[in-house]
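As a plain string of letters, each chain reads:
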Amino acid sequence: MTERPALGTAHRRGGAAWLVALAIPVAACHPSREQDRAVSFVRLGQIALTQHACGSCHRISGIQGADGRVGPPLVDYARRRMIAGVLPNTPVNLARYLKAPRTVVPGNMMPQEALGDREIQGIVAYLGRH
Amino acid sequence: MRPPLRPIVAGWFLGVMTCGVVALLVAALFLSGIAFRVGADQPHSKLLAWAIHRTMLSSVRRHARREVPRLPLDRATLLAGAALYEQRCIACHGGPGIARAYWVSAMLPTPPYLVDASARWSHAELYALIHDGVKMTGMPAWGEISSDREIAQIVALIEAMPMMTPDQFAQLRRAAAARRR
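Just so it is clear, the model here is predicted, and its values are computed rather than measured.

Caption draft 1: Quick look at the overall build of chain A. Across its full length, chain A carries 5 helices and 2 strands. Seen in sequence order, chain A has helices and strands lined up from the N terminus as α-α-β-β-α-α-α. Counting all 130 residues of chain A, 35% fall into the buried class. For chain A, long-range pairs separated by at least 24 residues make up 37% of all intrachain contacts whose partners lie at least 6 apart in sequence. For chain A, the accessible area works out to roughly 7,900 Å², and carbon and sulfur atoms hold 60% of it.

Shown next as structure tokens:
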């Protein structure tokens, strides 16, 4: 008779472990976009680079299908010296360029995608690490 | 000594039944929406994204017809192609120096820019992509509502894109718009 509570505890522990195991993939599936403050800038940048189709023109490490050969490859970007041949490669300059590529370089093939401020910060963070 | 037949048959039967039950359970997980969420605000897992994309590439390559119309890349063809591209393509795919509509980045999969398309796809594959469309991407089967000639005009414009400057593309758009009026 005295064994019963022990068994109950084990059950409860098992149940809790099961719930945690279930919750981990559910939580892992949920990092998302612009507004979600829990998402890291690097992850936000990775999603933004994908969703703004940057890979149709650029080669970018870590982005699926990003093998375009229209613009310069963004592989090893952190060590690049200049942006588009006209701006020193600093985070501030990259943000400025992404916001209006055709203002920085008139006649530029690179279009002005509608990027949010956090998305731009995300792309800067992502490229700074790759 | 031969093993008796009965246990082997029973074991085989049990194995098949187990596989069947597991397959049904997995199918039930998907059909009930527990194992898959269709919401497009989350990217696919890397494996699934790779598998879907691989399937799409292989299918287009396999099913593209060998003999498709090819038009000369002259001014008349490009003007006609530009007029169609303006109506049907530019919102989702943008153009040289032209951004896609702002809401397109919310699509999953998101439509690509096409300046590089003629390097990724053969003439027949481009024709097939536009003519037949692509399931589960939002790409319409334009062949359902267009003549073969119109499809060939769009293909011609896309194939001419990497030979244009953004300014020339803008001029072509203006000329195509002026001709429509």
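Caption draft 2: Inspection of the overall build of chain B at higher detail. The helix and strand tally for chain B stands at 8 helices and 0 strands. Along chain B, helices and strands appear, N-terminal first, in the series α-α-α-α-α-α-α-α. Radius of gyration (C-alpha) of chain B: 24 Å, far over the 16 Å computed for a compact globule of 181 residues. Its C-alpha atoms give chain B principal-axis dimensions of roughly 85 × 40 × 25 Å. If you sum the accessible surface of chain B, you get close to 11,700 Å²; carbon and sulfur atoms cover 65% of it. Once the 21 positive and 12 negative side-chain charges of chain B are each reduced to a mean point, those two points are 7 Å apart.

Caption draft 3: Spotlight on the environment of B:Thr55. One can find B:Thr55 in helix H2 (residues 46-63). One polar contact links the side chain of B:Thr55 to the main-chain carbonyl oxygen of B:Ala51, over a distance of 2.7 Å.

Caption draft 4: Broad picture of the interface of chain A and chain B. Counting from both sides, the interface comprises 28 residues of chain A and, opposite them, 27 residues of chain B. Across the chain A/chain B interface, buried area totals approximately 2,000 Å², and carbon plus sulfur atoms make up 51% of it. Applying the counting rule to chain A against chain B returns 2 salt bridges. Two residues, B:Arg120 and A:Asp67, come together in a salt bridge whose shortest N-O distance is 2.7 Å. Viewed at the interface, chain B and chain A are joined by 14 residue pairs in polar contact (both at pLDDT 80 or more). Classifying every residue of the side of chain A that touches chain B gives 9 nonpolar, 13 polar and 6 charged.

Caption draft 5: Local environment of the packing of aromatic side chains. Residue and element names in this part refer to chain B. This model, assessed by the stated rule, comprises 1 aromatic pair over all chains. Ring geometry for Tyr85 versus Phe169: centroids 6.3 Å apart, planes at 85 degrees, classification edge-to-face. With Tyr85 in helix H3 (residues 75-88) and Phe169 in helix H8 (residues 166-180), the pair connects residues that are 84 residues apart, well separated along the chain. Of the two residues, Tyr85 and Phe169, both sit in the buried class.

Caption draft 6: Main features of a nonpolar patch on the surface. Together, B:Val22, B:Val26, B:Leu29, B:Phe30, B:Ile34, B:Phe36, B:Val38, B:Leu48 and B:Ile52 give the surface a local cluster of nonpolar side chains, amounting to about 830 Å² of exposed area. For the nonpolar patch, the secondary structure elements donating two or more residues are helix H1 (5-31) and H2 of chain B.

Caption draft 7: Examining the layout of surface pockets more closely. Residue and element names in this part refer to chain A. If you add up the space inside the second largest pocket, you get close to 500 Å³. In terms of lining, the second largest pocket is formed by 27 residues, of which the most central are His58, Leu74, Tyr97, Leu98 and Met110. When contributions to the lining of the second largest pocket are tallied by element, the ones reaching two or more residues are helix H3 (91-99) and helix H5 (117-128). The dominant element in the lining of the second largest pocket, judged by the number of residues it contributes, is H3, at 3 residues. Split by residue class, the lining of the second largest pocket holds 20 nonpolar, 5 polar and 2 charged.

Caption draft 8: Fine view of the packing of H3(B) against H8(B). Residues and elements named next belong to chain B. With their axes 9 Å apart at the nearest point, H3 and H8 run at an angle of 85 degrees to one another. By the criterion of interaxial angle, the relationship of H3 to H8 is roughly perpendicular. Here Arg75, Leu78, Leu79, Ala80, Ala82, Ala83, Tyr85, Glu86 and Gln87 of H3 come into contact with H8, specifically with Phe169, Leu172, Arg173, Ala175, Ala176, Arg179 and Arg180. In terms of residue class, the contact of H3 with H8 is built from 10 nonpolar, 1 polar and 5 charged.

Caption draft 9: Structural view of the environment of B:Arg181. Here B:Arg181 lies in the segment after H8. In this structure the C-alpha to C-alpha distance between B:Arg181 and B:Cys92, which are 89 residues apart in sequence, comes to 24 Å.

Caption draft 10: Representation of the nonpolar core within the structure. The biggest cluster of nonpolar side chains holds 36 residues, and the ones touching the most others in it are B:Tyr85, B:Trp121, B:Ile130, B:Leu157, B:Ile158, B:Phe169 and B:Leu172. Looking at this core, the elements with two or more residues in it are H2, H3, helix H6 (123-132), helix H7 (148-160) and H8 of chain B. For this core, the element with the most residues is H7(B), which contributes 7 residues. Grouped together as the second largest cluster of nonpolar side chains are 20 residues, A:Leu87, A:Tyr97, A:Leu115 and A:Leu127 included.

Caption draft 11: Up close: the packing of H6(B) against H7(B). Residues and elements named next belong to chain B. At a minimum axis distance of 10 Å, the contact between H6 and H7 shows a crossing angle of 125 degrees. Between H6 and H7, the angle is such that the two are oblique. Once H6 is placed against H7, the crossing between them reads as right-handed. On H7, the residues that touch His123, Leu126, Tyr127, Ile130 and His131 of H6 are Asp148, Ile151, Ala152, Ile154, Val155, Ile158 and Glu159. In terms of residue class, the contact of H6 with H7 is built from 8 nonpolar, 2 polar and 2 charged.

Thresholds applied
Residues numbered from 1 in each chain as written. Chains lettered and ligands numbered in written order. Predicted model: local features only at pLDDT ≥ 70, side-chain atom pairs only at ≥ 80, totals over all residues. Heavy atoms only, no water. Helix = DSSP H or I, 4+ residues; strand = E, 2+ residues; numbered from the N terminus. Buried < 20%, exposed > 50% of the residue type's maximum accessible area, 1.4 Å probe, protein only. Contact = heavy atoms within 4.5 Å. Areas by Shrake-Rupley, 256 points an atom, 1.4 Å probe, with all protein chains shown as cover. Rg over C-alpha atoms; globule rule 2.2 N^0.38 Å. Lys, Arg positive; Asp, Glu negative; His and termini not counted. Charge placed at Lys NZ, Arg CZ, Asp CG, Glu CD. Polar contact = N/O pair within 3.5 Å; in protein donor to acceptor, adjacent residues only side chain to side chain. Buried area = accessible area lost by both parts, 1.4 Å probe. Salt bridge = Lys/Arg side-chain N within 4 Å of Asp/Glu carboxyl O. Nonpolar A, V, L, I, M, F, W, Y, C, P; charged D, E, K, R; others polar. Phe/Tyr/Trp six-rings, centres within 6.5 Å; stacked < 30°, edge-to-face > 60°. Patch = residues over 30% accessible without salt bridge, like charges linked within 9 Å, V, L, I, M, F, W, Y side chains within 5 Å. 1 Å grid on protein atoms, 1.4 Å probe; cavity = no way out; pocket = protein on both sides within 12 Å on 5 of 7 lines; lining within 4 Å. Points joined across faces, edges and corners; volume = space filled by probe spheres on them. Axes fitted to C-alpha atoms, helices over the stretch in contact; angles between N-to-C directions. Parallel < 35°, antiparallel > 145°, perpendicular 65-115°, else oblique. Core = buried A, V, L, I, M, F, W, Y, C linked by side-chain atoms within 4.5 Å. Left-handed = near helix turned anticlockwise from the far one by under 90°.

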